[in-house]
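A closer look at the structure
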Amino acid sequence: MIETTQLSKKYGKVEVLNIASLEIPTGQSFGLVGNNGAGKTTYFNMLLDLIRPTTGSITNHDIVVNQSEAWKNFTGSFIDESFLIGYLTPDEYFDFIGDLRGMNKADVKLFLTQFGEFFNEEVLGKKKYLRDLSKGNQKKVGIVAAIMGNPQVIVLDEPFANLDPTTQIRLKKLLKTLTTDKDVTVLVSSHDLSHVTEVCERIVVLDKGLVVKDITTSRETLKELESYFAV
Amino acid sequence: MISHFLKLEWKQFFRSSSFSKSIGAKILIGFLGLYFTGCFLLIGIGAYWILKKQFPEQDPLALVNSFLMYVIVADLIFRYLMQKLPVMNIKPLLVLPIQKSKIVHFILTKSSCSFFNILGLFFYVPFSVVLITQGYNLAGILGWLASMILIIQSVNFFNFLVNKNTSVLVGLLLLLIFGYFIQYFNWFDLPGFIGNGFDAVYQSPILCLLFLVMLIGLYMVNFKQLRNEVYLDALISEQTKEINSADLSFLEKLGDLAPFIKNDLRLIWRNKRTKSSVWMIAMGLLYGLFFYPNPMYADMEFIYVFVGIFSTGTLLINFGQFIPAWDSGYFNMLMSQNFKYERYLKSKFTIMAISVVALFVLGIPYIYFGWKVLLVHFAAMIYNLGVNTHVILLGGTFNRKRINLDEKAAFNFQGTGAVQWIIGIPLMILPMAIFGLINWLIGFEIATATIAVMGFIGIALHKKFMAAITKKYITNKYVMIHAFKQEN
């Protein structure tokens, strides 16, 4: 369960985010949509304690994120390429993250075997640094690294952007299995309304930092969202 | 068009996020620059009379000429290590209606106005003026001066060309040593031979046109090379070489520090930016050779402390002062990962500590200059381990400047500037002062022991220091995250 209470963020006098209350129950697949500057990434950054809130707090499984670091044990995340270490090869990077997540080399290897299809044989075992991979392949590495070590909460910012159509479909499948098979809470943000409605049970629309819609996904959701965003 | 470029440069300088932080360092560098110019000017004016007095039977100009080979080679080496080539972020300009050749010409012209090119003139010009007033042939001296200026410019462009190539640096160093030895053993006077060439320029000044041809040639080669690199794929293609990852599994013994230490070693080996500090280590280790053979310093024992701290601490200083900025590119990821900050800092500490001990061991041959030297080096090593490591980690909390490790810009080969030498000063001045004072008041043994004891105290308090430093890092976390996101 992730609870947000009276959360706001101001830069000078400009308020970029203000969420009075938002509860994301455990096991929910949660989607965040909104135009540029709506506050999606700001919210995720605060959830990961990379930015301090001006007021209020976020509680991740009973841990206030900016007071204790214990949430890091069960939270995996990928925000952007700045989460990758450019001078490592993908394999070395997975080993590194695996180390931090308490997996040994054999665990990491076993874990990665299930992603052979996802990587399309373009990532593993290739003697290339992460910085030399294409944007799409970098994203794949980041997403897979975020779900290493069986996290209970997975935070992905714009996971569909830059991915090729095949991988987008595979990613959707992956995210669905994560939430159905296990007790995993998945938070994604996206600009692509159809992807989000397909993957998420619940969608929250942000606009200029405020929650303007909170929808439980149904067949009509996509239409509802499209008409909302078509101005 | 040029004014556009100049405006961009101006804005880049003043709007960079590091500007306000490094303004102090910039002023310091300015003063250093003034100091050097002053020195060169004084030497330039006085050289004629000094040489005349020291070597009355030789011609001062010929004497200067016979040293020019060393000057030129040293200049090249110095530039290789220190000169920042003019980086202009040209990527956004490529698609604009600006002729590519114009961009390249601007970059090249800008480089020829660098301080490194002007500094030498402060010696050559007054020296030439003095020579003319002393009755030397006007045309000859002007030809000679022109040759010097042309050579400086040629060196500038030559440096541009060799910048990718460390083997050229090795070659230059060998040439320097080789030239010295064959002269020393009287086999062949290579510097003198080259000096004769410069004498000839004075005799027939028209020869300076040869250097003009050389300069134009070098400029053309540079132009051609850069002109071909003003493409995106030229910037990228260099990078996609097959890489071989070394097996670092022997580091697993270090337990939970191992992943970080492995990463740091890779960081150092795989990035252009950090590779140059590996060269600094070699320089630092040999630094004592500037001082110890010179009898002038034989009685100045505080110099031992300086050399000791410096030679055992080059990696400590070069690597340490950019903690945690080395990791700025993926700092967000580290901050949302599951590990204790202390573990991260401890891994950095361990690398520095190992390097200090290793460099001390490599420096043991300094015992050739007397047991006192080695003793002081030992004390300096302890001081580095106990005090400077912590000081530099603490200093890291003030790092607000992003380092772009995967900078692909073809023109940015060296990120190391003179700034990092300046930050090193407080690390060395303090122990030197303490040592010097006690050595003067009481004696050598006590002074050495004091330095070592200070180090031991630091080692004893290591846990406490680390806890305090970690706390400081954690409180600065958000500021760092914010700063590291800013592109310079």
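Residues numbered from 1 in each chain as written. Chains lettered and ligands numbered in written order. Predicted model: local features only at pLDDT ≥ 70, side-chain atom pairs only at ≥ 80, totals over all residues.

Helices and strands together make up the secondary structure of chain B, namely 23 helices and zero strands. When burial is assessed residue by residue, chain B has 30% of its 488 residues classed as buried. Within chain B, contacts between residues at least 6 apart in sequence are counted, and of these 84% link residues at least 24 apart. (Helix = DSSP H or I, 4+ residues; strand = E, 2+ residues; numbered from the N terminus. Buried ≥ 20, exposed ≤ 12 C-beta atoms within 10 Å, placed from the backbone. Contact = placed C-beta atoms within 7 Å.)

To continue, consider the overall build of chain A. Looking only at helices and strands, one finds eight helices and 10 strands in chain A. Burial statistics for chain A: of 231 residues in total, 45% are counted as buried. A fraction of 66% describes how many contacts in chain A between residues 6 or more apart in sequence connect residues 24 or more apart.

Residues and elements named next belong to chain A. With five bridges joining them, strand 1 (residues 2-11) and strand 4 (residues 55-60) adopt antiparallel strand pairing. Paired with Ile-2 across the two strands is Asn-60, which belongs to strand 4. As paired elements, strand 4 and strand 5 (residues 63-64) share two bridges and run antiparallel to each other. Looking at strand 5, one finds that Asn-60 is bridged to Ile-63. Counting the residues in the hairpin turn of strand 4 and strand 5 gives two residues, including His-61, whose phi is positive at 50°. (Pairing = 2+ DSSP bridges.)

Quick look at the interface of chain A and chain B now. The interface is formed by 26 residues belonging to chain A together with 25 residues belonging to chain B. Split into classes, the residues belonging to the side of chain A that touches chain B amount to 12 nonpolar, five polar and nine charged. (Nonpolar A, V, L, I, M, F, W, Y, C, P; charged D, E, K, R; others polar.)

Attention now moves to the nonpolar core. Leu-47, Tyr-93, Leu-130, Ala-145, Ile-154 and Val-155 of chain A are the most contacted members of the largest nonpolar core, which totals 70 residues. Setting aside chain neighbours within four positions, we find Ala-145 of chain A in contact with Phe-78, Tyr-93, Phe-94 and Ile-97 of chain A. Judged by nonpolar contacts, the second largest core, of 40 residues, contains Trp-326, Val-373, Met-381 and Met-428 of chain B. (Core = buried A, V, L, I, M, F, W, Y, C linked by C-beta atoms within 7 Å.)

Residue and element names in this part refer to chain B. Where helix 17 (residues 341-362) contacts helix 22 (residues 462-475), the axes come no closer than 10 Å and their chain directions differ by 115°. Considering how the two elements wind past one another, helix 17 and helix 22 form a crossing that is right-handed. Here Tyr-341, Glu-342, Leu-345 and Lys-346 of helix 17 come into contact with helix 22, specifically with Met-466, Ile-469, Thr-470, Tyr-473 and Ile-474. For the contact of helix 17 with helix 22, the class distribution of residues is six nonpolar, one polar and two charged. (Axes fitted to C-alpha atoms, helices over the stretch in contact; angles between N-to-C directions. Left-handed = near helix turned anticlockwise from the far one by under 90°.)

Residue and element names in this part refer to chain A. In this sheet, strand 10 (residues 210-216) lies alongside strand 9 (residues 202-207) in antiparallel orientation, the contact comprising six bridges. Residue Arg-202 lies in a different strand from strand 10, and its bridge partner there is Thr-216. Hairpin connection, strand 9 to strand 10: the antiparallel pair is bridged by two residues, and Lys-208 has positive phi, about 50°.

Here we take up the sheet that holds strand 1 of chain A. Ordered in space as 2-1-4-5 (chain A), the four strands form an open sheet in which the pairing is antiparallel. Of all the strands in the sheet, the pair left with one neighbour each is strand 2 (14-24) and strand 5 of chain A.

Looking at the secondary structure, you find Leu-48 of chain A in the loop between helix 1 (40-47) and strand 4. A sequence separation of 29 residues divides Leu-48 of chain A from Ser-77 of chain A, and the C-alpha atoms of the two residues are 8.2 Å apart. Here Leu-48 of chain A is in contact with Ser-77 and Val-155 of chain A together with Ser-336 of chain B, once residues within four sequence places are set aside.

Moving on to the environment of Leu-119 of chain B. Residue and element names in this part refer to chain B. Structurally, Leu-119 can be placed in helix 5 (residues 115-119). Overall, Leu-119 belongs to the partly exposed group, with 16 C-beta atoms counted inside 10 Å. Sequence separation between Leu-119 and Phe-40 is 79 residues, and the spatial gap between their C-alpha atoms is 7.5 Å. Sequence-distant contacts of Leu-119, defined by excluding residues within four places in its chain, comprise Phe-36, Thr-37 and Phe-40.

Of note, the bond from Ile-323 of chain B into Pro-324 of chain B is cis; its omega dihedral lies within 30 degrees of zero at -5°. As for its placement among the helices and strands, Pro-324 of chain B is situated in the loop between helix 15 (302-320) and helix 16 (331-335). Even without being glycine, Asp-62 of chain A reaches a positive phi, approximately 70°. The residue Asp-62 of chain A is located in the loop between strand 4 and strand 5 in this model.

All names here are of chain B. Assignment of secondary structure puts Leu-51 in helix 2 (residues 19-54). C-alpha separation for the pair Leu-51 and Leu-63, spaced 12 residues apart in sequence, amounts to 8.0 Å. Sequence-distant contacts of Leu-51, that is, excluding residues within four places in its chain, are made with Pro-60 and Leu-63.

The next thing to look at is the sheet that holds strand 7 (residues 153-157) of chain A. Residues and elements named next belong to chain A. Spatially, the six strands line up as an open sheet ordered 6-7-8-3-9-10, and their pairing is mixed. Every interior strand has two partners, whereas the edge strands, strand 6 (75-78) and strand 10, have only one. In this sheet, neighbouring strand axes are inclined to one another by 15° on average, regardless of whether the strands run parallel or antiparallel. Lying on the sheet, helix 1 is in contact with strand 3 (29-33), strand 7, strand 8 (185-190) and strand 9; it crosses strand 7 at an angle near 145°. Where helix 5 (residues 135-146) meets the sheet, its contacts fall on strand 6 and strand 7, and the angle it forms with strand 6 comes to roughly 170°.

Residue and element names in this part refer to chain B. Between the first and last C-alpha of helix 9 (residues 190-203) there are 20 Å, a value that for 14 residues agrees with the 20 Å anticipated at 1.5 Å per step. Among the residues of helix 9, Pro-191, Gly-195, Phe-198, Val-201 and Tyr-202 are the ones counted as buried. For helix 9, the arc enclosing every buried residue in end-on projection is 100°, short of the 170-degree limit, so these residues lie on one face. (Expected span 1.5 Å × (residues − 1). Arc of directions from axis to C-beta.)

Right, let's get into the confidence of the model for chain B. Residues and elements named next belong to chain B. For chain B, per-residue confidence averages 80 on the pLDDT scale, and 84% of positions sit at 70 or higher. When mean pLDDT is taken per element in chain B, helix 21 (residues 444-460) scores highest with 93 and helix 11 (residues 232-237) scores lowest with 50. This stretch, residues 235-239, has a pLDDT under 50; its non-local contacts, to residues over four places away or in other chains, come to seven contacts. The complex model carries a pTM of 0.68, and its ipTM stands at 0.78. (pLDDT = per-residue confidence, 0-100.)

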